Amino acid sequence: MRAWKLKRDWVTGWLLLLPAMVFLFAFTHIPAVNSLINSFYSTPRGKRAAKFIGLDNYERMIGDPVFWKVLGNNLWFAMGTIPASVGLALVMALWVNGRLPGRGFARMAFFTPTVLPLIAVANIWLFFYTPGFGLFDQLFGGLFGWSSTNWLGSPDTALNAVIVVTIWKEAGFFMIFYLAALQAMPVSLVEAARVEGANGWTIFWRITFPLLMPTTLFVSINAVINSFRLVDHIFILTDGGPDNASAVLLFYIYEIAFKFWETGYAATLTVALLVLLCLLAIGQFFLFDRKVHYK
Amino acid sequence: MLKSTLLKAVATTALTFSTWASAQAVDLQFYFPVAVGGGAAEVIQGMTDEYMANHPDVKIDAVYSGSYQDTVAKVITASRGGNAPQLSVVLSADMYTLIDEDLVVPFDDYLTTDEEKAWLAGFYPSFMENSQTGGKTYGIPFQRSTPVLYWNKEAFKAAGLDPEVAPASWDELVEFGKKLTKKDANGNVTQWGVRIPSSGFPYWTFQGFAISNGVTLANAEGNKTSFDDPKVVEALQYFVDLSAKHGVMAPGIIEWGATPKAFFEGESAIILTTTGNLTNIKTNAPFDFGVAMLPEKEQRGAPTGGGNFYLFKGASDEQLDAAVDFVQWITAPAQSAKWTMATGYVAPRAETWETEAMKTYAAEFPQVLVARDQLEFAKAELSTYQNQRVTGFFNDALAAAITGQKTPEEALKEAQTQADAVLAEYR
């Protein structure tokens, strides 16, 4: 009787897990394993089937200058977007959490970029950046007499221009998490600190910021993932150019897979991206997590 | 056991349904890309509806499939998934890629009567260069184009140039450009002389310069390129010098999509873009403008471009017969004239230009004839096996030279080495 009940519990448990597992396996685990397998095969073309080529694709990757370039670009992209968007989100959240006239409007304004589709805003930014008659050139030219700048068309500025769009898009989204955390924070802590005579900076640094740490962890993991995942706007803004100056790893994978149809090599690059993301996630959870203060 | 029986049952049912459906009507799926402004998608949809109204036994599902790039990605993905469309418009330059992927069937097998065979001969030969290989016809020209030069007559007048005369040679382009480039008191440019877009697919606009310098970029077999030919280097040096030395063109990569807008805004006085933008520019330019052939060096020259109809494997003979009939209908003079007037794409058959509608249109808008006349000097758009990849190397080289990271010679040598590595197996 007891054994039967145990078995029934076990079955119920698996049944409850089943829907989520089906989706996880179908769309995450099986494709990941498939990519790993495909990375050891050549690309099938027309009548020529794929054949096992061992580590050839990996050797090609190591020797591919574009791979190293997009990897470097991706690190620069991550360094440019993560701290800036998280920092900006915190500042905006603190600001619209306080009492100020038109608070609802400010919150909405900060959140708007998140709601807009990335492809649509990229088209708007494309106009902002356009040399000559674009918004920035007209603004800077009119105010400071700057000469026209080809933000997206020169290798020195293209990636940075893409980074600015990403920060603008992301900060509002992260702000919502900070705002929710700030609203949930007990007011008594701040009041007690005030009674003790702490100034605004001390309150922020000793009370608010540490209590926001779980949110910061969550937000920064998202920011790291996004820095490898958000490439939609690159298609519109620069198409990876000039000469791959603004291409990042995922963009390059798409190009190799769906433009050049080298699915074997694309699988190899995908494996590289997966390994990189796994390392980052492990690093964040194990190192960063220790510093987080949970209530 | 149960599984296999079930599968058989499903398969039989599906088969019954599909044979039943084909007895009733021929179903076709047709992908088409749109690469220019204006209402091109509505025009194609409208023409397809018209065809179906006249042919109740054929049902055509016209699917707008994004840019040329998206379209080729979609047809390859769909074909690999066993779900190929029967008909699609794909870049004419992707012919070798589609053959290499073993996805397309030639039109020849479905053109049986002498009349139908004669029909093939009615297309302009320069459009057929990228449509035929190995004695077979894989593509039927449809939304075909060629780059042309547009000039702002008011800006010409203001600069003291004859507003009716376009720059005819490379030297004149520089000379006119210098007169047309205007600066404000701070030395900032308020109007550029020339704008040649270089984003996305710079090889296409650049190819006009290579051809007029007397060199073709790839052989007819699509397995050898000549990127590092001294004449290609010279053409690229000229292209780079337009901004680096002569200062008549904006530095850096110039956006393709914003080029008509730059023209309307007076940011540039001369632009180079596809003739597919002609109707868009005609509708929106707030000033009088002229259209001319690309400037010449050793000869006139321009690449052709744009999309062809392709037939895909996996379709039944009835479907392909119906598809060929549809293609013949839509490229016939009446439809073709409508399409050309709606977009500016070059009608690919001489007979279209002889229709009353076209003649009337050309009489009041002679600019439409320039692209057709340029066909005499046009060469095939750069096209090789693994086309996207090989042109990708070339695009990267052009971008590196235009942005001054590499010298033209250095960049082109590198691209040639990369292209050779890919194409060696096709020789």
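Residues numbered from 1 in each chain as written. Chains lettered and ligands numbered in written order. Predicted model: local features only at pLDDT ≥ 70, side-chain atom pairs only at ≥ 80, totals over all residues.

- The name an unreviewed UniProt entry gives chain B is ABC transporter substrate-binding protein, with Roseibium aestuarii as the organism.
- Looking at the Sequence similarities (unreviewed entry) heading of the UniProt record, one finds this comment for chain B: "Belongs to the bacterial solute-binding protein 1 family." (UniProt positions renumbered as here; feature names shortened; annotations may be inferred.)

- Identification of chain A as Carbohydrate ABC transporter permease from Roseibium aestuarii is taken from an unreviewed UniProt entry.
- Turning to chain A, the UniProt annotation filed under Sequence similarities (unreviewed entry) states: "Belongs to the binding-protein-dependent transport system permease family."
- UniProt, in its Subcellular location (unreviewed entry) section for chain A, records the words "Cell membrane".

### Here we look at the overall build of chain A
Consideration 1: Per the secondary structure count, chain A includes 13 helices and zero strands.
Consideration 2: Moving toward the C terminus, one meets the helices and strands of chain A in the order α-α-α-α-α-α-α-α-α-α-α-α-α.
Consideration 3: Rg of the C-alpha trace for chain A: 24 Å, well past the compact-globule value of 19 Å for 295 residues, more than 25% over.
Consideration 4: Residues classed as buried in chain A amount to 31% of the 295 residues present.
Consideration 5: Taking as baseline every contact in chain A between residues at least 6 positions apart, the subset at least 24 positions apart corresponds to 69%. (Helix = DSSP H or I, 4+ residues; strand = E, 2+ residues; numbered from the N terminus. Rg over C-alpha atoms; globule rule 2.2 N^0.38 Å. Buried ≥ 20, exposed ≤ 12 C-beta atoms within 10 Å, placed from the backbone. Contact = placed C-beta atoms within 7 Å.)

### As for the overall build of chain B
Consideration 1: The number of helices and strands found in chain B is 18 helices and 15 strands.
Consideration 2: Its C-alpha atoms give chain B a radius of gyration of 23 Å, within 12% of the compact-globule value 22 Å for 427 residues.
Consideration 3: Across its three principal directions, the C-alpha atoms of chain B cover 85 × 50 × 40 Å.
Consideration 4: In chain B, which comprises 427 residues, the proportion classed as buried is 51%.
Consideration 5: For chain B, contacts bridging at least 24 residues in sequence account for 75% of all contacts bridging at least 6.

### Some details on the UniProt feature "domain: ABC transmembrane type-1" (unreviewed entry) in chain A
Consideration 1: Per the UniProt record, "domain: ABC transmembrane type-1" (unreviewed entry) is found at residues 71–286 of chain A.
Consideration 2: A distance of 24 Å separates the end C-alpha atoms of residues 71–286 of chain A, which is 78% helix and 0% strand.

### Things to note about helix H10 (residues 213–229) of chain A
All names here are of chain A.
Consideration 1: With 17 residues, H10 ought to run about 24 Å at 1.5 Å a step, and its terminal C-alpha atoms sit 24 Å apart, in line with that.
Consideration 2: Among the residues making up H10, those that are buried are Thr215, Thr216, Val219, Ala223 and Ser227. One face of H10 carries all of its buried residues, which in axial projection span an arc of 100°.
Consideration 3: In the core, the buried residues of H10 are packed alongside helix H3 (65–97) and helix H7 (158–184). (Expected span 1.5 Å × (residues − 1). Arc of directions from axis to C-beta.)

### As for the UniProt feature "transmembrane region" (unreviewed entry) in chain A
All names here are of chain A.
Consideration 1: Under the local residue numbering, the UniProt record ascribes the feature "transmembrane region" (unreviewed entry) to residues 12–32, 75–96, 108–128, 158–182, 203–225 and 265–288.
Consideration 2: As a span, residues 203–225 carries 96% helix and 0% strand, and end to end its C-alpha atoms are 31 Å apart.
Consideration 3: A helix fraction of 100% and a strand fraction of 0% characterise residues 265–288, whose end C-alpha atoms lie 34 Å from each other.

### Re the packing of helix H5 (residues 118–129) of chain A against H7 of chain A
All names here are of chain A.
Consideration 1: Taken N-terminus to C-terminus, the directions of H5 and H7 make an angle of 130°; their axes are 11 Å apart at the nearest point. The angle between H5 and H7 places the two elements in the oblique class. Read as a crossing pair, H5 and H7 show a hand that is right-handed. In contact with Leu118, Val121, Ala122, Trp125 and Tyr129 of H5, H7 contributes Ala161, Val165 and Lys169. (Axes fitted to C-alpha atoms, helices over the stretch in contact; angles between N-to-C directions. Parallel < 35°, antiparallel > 145°, perpendicular 65-115°, else oblique. Left-handed = near helix turned anticlockwise from the far one by under 90°.)

### Here's the deal with the interface of chain A and chain B
Consideration 1: With 24 residues of chain A at the interface, the matching set in chain B holds 31 residues.
Consideration 2: Of the residues in the side of chain A that touches chain B, the class split is seven nonpolar, twelve polar and five charged. (Nonpolar A, V, L, I, M, F, W, Y, C, P; charged D, E, K, R; others polar.)

### Some points on the sheet that holds strand S9 (residues 182–183) of chain B
Residues and elements named next belong to chain B.
Consideration 1: Taken together, the five strands give an open sheet; going across it, the order is S9-S10-S11-S8-S12, and neighbouring strands pair in mixed fashion. Pairing within the sheet leaves two strands with one partner each, and these edge strands are S9 and strand S12 (289–292).
Consideration 2: The sheet contact formed by S9 and strand S10 (residues 189–195) spans two bridges and is antiparallel. Pairing of lysine 182 across the sheet is with glutamine 191, part of S10.
Consideration 3: Sitting on the sheet, helix H8 (residues 170–180) touches S10 and strand S11 (268–274), and the angle it makes with S10 is about 165°. (Pairing = 2+ DSSP bridges.)

### Quick notes on the domain arrangement of chain B
Residue and element names in this part refer to chain B.
Consideration 1: Taken as a whole, chain B is organised into domain 1 (25–144 + 305–371) and domain 2 (147–303 + 386–426).
Consideration 2: Each of domain 1 and domain 2 was reduced to a C-alpha centroid, and the two centroids are 28 Å apart.
Consideration 3: Counting residues at the interface gives 20 residues for domain 1, matched by 20 residues for domain 2.
Consideration 4: Counting only elements with at least two residues in the side of domain 1 that touches domain 2, the list comes to helix H4 (95–100), strand S14 (305–312), helix H14 (333–343) and helix H16 (368–374). (Domains from an automatic or database assignment.)

### With respect to the environment of asparagine 387 of chain B
Residue and element names in this part refer to chain B.
Consideration 1: The residue asparagine 387 is located in helix H17 (residues 387–402) in this model.
Consideration 2: Accessibility expressed as a C-beta count within 10 Å gives 23 for asparagine 387, which makes it buried.
Consideration 3: Taking the C-alpha atoms as reference points, asparagine 387 and alanine 419, separated by 32 residues in sequence, lie 9.9 Å from one another.
Consideration 4: When neighbours within four sequence positions are excluded, asparagine 387 is seen to be in contact with Ala93, Asp94, Tyr96 and Thr97.

### Examining the pairing of S14 of chain B
All names here are of chain B.
Consideration 1: Counted residue by residue, S14 has eight buried out of eight residues, so it is predominantly covered.
Consideration 2: Relative to S14, strand S3 (residues 87–91) is paired through five bridges, and the arrangement is antiparallel. The residue bridging leucine 91 from the neighbouring strand is glycine 307, located in S14.
Consideration 3: Here two bridges tie strand S4 (residues 104–105) to S14, and the two strands are oriented antiparallel to one another. Paired with valine 104 across the two strands is phenylalanine 312, which belongs to S14.
Consideration 4: Where strand S7 (residues 140–145) lies against S14, five bridges are found, and the strand directions are antiparallel. Residue pairing across strands places glutamine 143 opposite glycine 307, the latter belonging to S14.

### Quick notes on unusual backbone geometry
Residues and elements named next belong to chain A.
Consideration 1: Positioned with a positive phi, aspartate 239 is a non-glycine residue whose angle comes to about 55°.
Consideration 2: Tracing the backbone shows aspartate 239 in the loop between helix H11 (232–237) and helix H12 (249–259).
Consideration 3: One non-glycine residue, tryptophan 261, lies in positive phi territory at about 55°.
Consideration 4: Note that tryptophan 261 resides in the loop between H12 and helix H13 (263–288).
Consideration 5: Classification of tryptophan 261 by C-beta neighbours within 10 Å gives buried; the count is 22.

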